[in-house]
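# Summary of structural features
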Amino acid sequence: MPKARSVFLCTECGGEAYRWQGQCPQCGAWNTLVEERVRPVPAAERLDRGQARDVRAVSLSEVEGVERPRWGIGLAELDFVLGGGVVPGSLVLLGGEPGIGKSTLLLQVSARLAAAGHKVLYVSGEESAYQVKLRAQRIPEPTDDVLMLPETSAEAVLDRVEELEPDVLVIDSIQTLYTERLEGAPGSVAQVREVAGALQRVAKRREMATFLVGHVTKEGGIAGPKTLEHIVDVVLYFESPTGLDHRIVRGTKNRFGAADEIALFRMGAVGLQPVENPSALFLQGRQDRASGSAVVAALEGTRPVLVEVQALVNRSVYSSPQRVATGFDGRRLALLLAVLERRARLRTSDLDVFLNVVGGLRLSEPAADLAVVAAIASAIRDVVLSPGAVFVGEVGLGGEIRPVHQIERRLAEAGRLGFRRAFLAESSDVAGKGFPLRLEGVADVKGLIDGLFG
Ligand code: TYD
Ligand code: MG
């Protein structure tokens, strides 16, 4: 067996260096090299030593162009984020903080796919079979047909896969699996890279849908090398937007569908339930009798959601006033305040301004500008905005309001939820489209303020 040696691996890109350096020689990231002991693995001894494959190149005309059937999981929200079900042979990485519900979700997925006639192998490296059984008793789906394997050895898992030939493999979690071929501890860069690479080759060869649970770091990224996210086909993050029972599964990469869709669930006494009406969720408990509140018809992925933006202003006692934004970019807020002061003659420079996007969402599209401006203006004037009004539009430095994409879908959703007036860019391309809302086109922030407060 070749001798183990010490290498320095980059936690960002997985690149190697032979001595410690402050900067990764491959991707240029700083302070990302960690020392690990590795033993070189001859190709013949690779972890997924499987069958020698006789592969040949084919012309594209020989490739069957039919779309692979997807396996619908039946949790509507999750199928939606995946792009219409899970694709056989694909690798799906699910990241999230401890206790957020990763194991619960994947056990529900396992039970549903097993009930649909697929053979499912659930590998738990974190919990005993008994602990998984306790969880299984809580969720509504019957789990009798799910095969359970408490195991942390990658070799053992791959052997069982060859023997049982499952259609679906769940690894909970990738950080607990280790291969004896490498010296690093489970979860180290080299281990995760090697094990995930082997799983990927096996999944493709066997057409086996594979779900990997990934732990997250303090910064919120998935622990282990960035290469993990490159290896897999789909990356999903599990988040808790409100800190309450709601959970968001957010796609950040999807080789088989739109990348940044979200799914909403509620964690209850009996597992995770899809939320039927996502856009209404963020309006729950809305205080529409207070000034400083405005609703934006935002887009999450391809889906419209209505979100409340709240602003609070106060005479500042400091020479440089405070500006605090939650769920919105702080520099964008500063920009919009400057535009309000210069273009609409609304004095903001001696005010502390607090901005909050309700429900824990993050509004990063410029389409939210108009609602932010409206909320701040309403707070400054201390005048309540009409509760049936919704705002969509980008604000330019000249104070002009610009149209945004997908305006029809946003307006349709607002109308569906009972909104009756929509403030949007005058130049928006919606003329004569018969929406159930009164459209109030505005040219600039001055026009908006005049329109709102007369
Ligand atoms: P879990 O799936 O173990 O989280 P993760 O794998 O991400 O660490 O879920 C943990 C929490 O969910 C735990 O605090 C218990 C709670 N829970 C419920 O509220 N309802 C349920 O039906 C289940 C199974 C768990
Ligand atoms: Mg877990």
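Residues numbered from 1 in each chain as written. Chains lettered and ligands numbered in written order. Predicted model: local features only at pLDDT ≥ 70, side-chain atom pairs only at ≥ 80, totals over all residues. Heavy atoms only, no water.

## Quick notes on the sheet that holds strand 1 (residues 5-10)
We apply this condition: We treat two strands as partners when DSSP finds at least two bridges between them. The helix count covers DSSP runs of H or I at least four residues long, the strand count covers runs of E at least two residues long, and both are numbered beginning at the N terminus.
The 3 strands lie next to each other as 2-1-3, forming an open sheet whose pairing is antiparallel. Here the strands that pair on one side only, and so sit at the sheet edges, are strand 2 (16-17) and strand 3 (33-38). Pairing of strand 1 with strand 3 involves 6 bridges; the strand directions are antiparallel. By the bridge assignment, V7 is partnered in strand 3 with E36.

## What to know about the sheet that holds strand 15 (residues 323-326)
As a reminder of what qualifies: Axes here mean lines fitted to C-alpha atoms, for a helix over just the part in contact, with angles spanning 0 to 180 degrees between N-to-C directions. In this analysis, two residues are considered to be in contact whenever any of their non-hydrogen atoms come within 4.5 Å of each other.
The 7 strands lie next to each other as 15-16-14-13-17-20-21, forming an open sheet whose pairing is mixed. Of all strands in the sheet, those bounded by a partner on one side alone are strand 15 and strand 21 (438-442). Between one strand and the next, the sheet's axes are offset by a mean angle of 25°, whatever the strand orientation. The pairing of strand 13 (residues 293-300) with strand 14 (residues 303-315) spans 8 bridges and is classified as antiparallel. When the bridges of strand 14 are listed, S293 appears paired with Q310. Of the strands in this sheet, strand 13, strand 14, strand 17 (389-391), strand 20 (421-425) and strand 21 touch helix 10 (residues 407-416), which is tilted by about 80° from strand 14.

## Concerning the pattern of salt bridges
To keep it simple, the criterion reads: Each reported salt bridge corresponds to a side-chain nitrogen of Lys or Arg within 4 Å of a carboxyl oxygen of Asp or Glu.
All chains considered together, the criterion is met by 24 salt bridges. R250 is the partner of E239 in a salt bridge, and the nearest nitrogen-oxygen pair spans 3.1 Å. Pair noted here: E239 is in strand 9 (residues 234-239) and R250 is in strand 10 (residues 246-254), with a separation of 11 residues, a long-range link. A salt bridge links R416 to E413; its shortest N-O distance comes to 2.9 Å. Here the residue R416 and the residue E413 both occupy positions in helix 10, the gap between them amounting to 3 residues, near one helical turn.

## With respect to the packing of helix 4 (residues 154-164) against helix 5 (residues 189-206)
Rules: Should an angle lie under 35 degrees it is considered roughly parallel, over 145 roughly antiparallel, and from 65 to 115 roughly perpendicular; all remaining angles are considered oblique. Basically, the charged four are Asp, Glu, Lys and Arg, the nonpolar ten are Ala, Val, Leu, Ile, Met, Phe, Trp, Tyr, Cys and Pro, and anything else, Gly included, counts as polar.
Across the interface, helix 4 lies against helix 5 with an axial gap of 11 Å and an inter-helix angle of 5°. The orientation of helix 4 with respect to helix 5, classified from their angle, is roughly parallel. Contact residues: helix 4 offers A154, L158, V161 and E162, while helix 5 offers V195, A198, L199, V202, R205 and R206. Tallied by class, residues from the contact of helix 4 with helix 5 come to 7 nonpolar, no polar and 3 charged.

## Some points on the domain arrangement of the protein chain
Worth spelling out the cut-off: An automatic or database domain assignment is the source of the domain bounds shown. Once two parts are put together, the accessible area they lose, assessed with a 1.4 Å probe and summed over both, is termed the buried area. For this analysis, a polar contact is any N or O atom pair within 3.5 Å, provided that within protein one partner can donate a hydrogen and the other can accept it, and provided that sequence-adjacent residues contribute only side-chain to side-chain pairs.
As far as domains go, the protein chain holds domain 1 (1-39), domain 2 (70-275) and domain 3 (281-453). Each of domain 2 and domain 3 has a C-alpha centre, and these two points are 38 Å apart. Buried area between domain 2 and domain 3, both sides added, is near 900 Å², and the carbon and sulfur share of it is 58%. The largest contributions to the domain 2 side of the interface with domain 3 come from P241, E261 and I262, which together make up 38% of the buried area. R250 is paired through a salt bridge with E300; the nearest N and O atoms lie 3.2 Å apart. Joining domain 2 to domain 3, the criterion identifies 5 residue pairs in polar contact (both at pLDDT 80 or more). For the side of domain 2 that touches domain 3, the secondary structure elements donating two or more residues are helix 1 (76-82), strand 10 and strand 11 (262-268). For the side of domain 2 that touches domain 3, the per-class residue count stands at 6 nonpolar, 2 polar and 4 charged.

## Points about helix 5
As a reminder of what qualifies: For a helix, the expected span equals 1.5 Å multiplied by the residue count minus one. Each residue is assigned to one of three classes by its accessible area relative to the maximum for its type, calculated with a 1.4 Å probe on protein chains only: buried under 20%, partly exposed between the two thresholds, exposed over 50%.
Taking 1.5 Å per residue as the helical rise, helix 5 with its 18 residues ought to reach 26 Å, and the 26 Å between its terminal C-alpha atoms agrees with that figure. Turning to helix 5, its buried residues number three or more, namely V189, A190, Q191, V192, E194, V195, A196, G197, A198, L199, V202 and A203. Just downstream of helix 5, E207 is the residue with a positive phi angle, here 55°.

## As for the pairing of strand 20
On a regular strand, one side chain projects to one face of the sheet and the next to the other, so that they alternate. Among the 5 residues that make up strand 20, 4 are buried, leaving the element largely enclosed by the rest of the structure. Inspection of the sheet shows strand 17 paired to strand 20 by 3 bridges, in the parallel sense. Bridge pairing in strand 20 links F391 to F423. Taken together, the 5 bridges between strand 20 and strand 21 define a ladder with parallel strand orientation. The partner of L424 across the bridge, within strand 21, is G441.

## Topic: the site of ligand 1
In plain terms, the rule: When we say a residue is near a molecule or strand, we mean one of its heavy atoms is within 4 Å of it. Shrake-Rupley sampling with a 1.4 Å probe provides the accessible areas, and residues are treated as covered by the protein chains on show and by no other component.
Near ligand 1 lie 15 residues; those nearest to it are G99, S103, T104, G268 and G271. Within the side chain of S103, an N or O atom sits 2.7 Å from an oxygen atom of ligand 1. Expressed as a share of its isolated accessible area of 560 Å², the protein-covered part of ligand 1 is 74%. Within the residue set of the shell around ligand 1, elements represented by two or more residues are helix 2 (102-115), helix 3 (129-138) and strand 11. Here the element with the most residues in the shell around ligand 1 is helix 2; it accounts for 3 residues.

## Let's talk about the packing of aromatic side chains
What counts, and what does not: When two rings of Phe, Tyr or Trp (its six-membered ring) have centres within 6.5 Å they constitute a pair, described as stacked for plane angles under 30 degrees, edge-to-face for angles over 60, and tilted for the intermediate range.
Scanning all chains against the criterion turns up 1 aromatic pair. On the basis of an interplanar angle of 10° and a centroid distance of 5.0 Å, the ring pair of F391 and F423 is categorised as stacked. Here the residue F391 occupies a position in strand 17, and F423 occupies one in strand 20, the gap between them amounting to 32 residues. Of the residues examined, F423 reaches a relative accessible area of 2% and is grouped as buried.

## Side note on a nonpolar patch on the surface
In plain terms, the rule: For patch building, the residue pool is restricted to those with more than 30% relative accessible area and no salt bridge; the joining distance is 9 Å between like charges and 5 Å between nonpolar side chains (Val, Leu, Ile, Met, Phe, Trp, Tyr).
Together, V58, L60 and V63 make up a nonpolar patch on the protein surface, roughly 300 Å² of accessible area in all. Relative to the helices and strands, V63 resides in the loop between strand 3 and helix 1.

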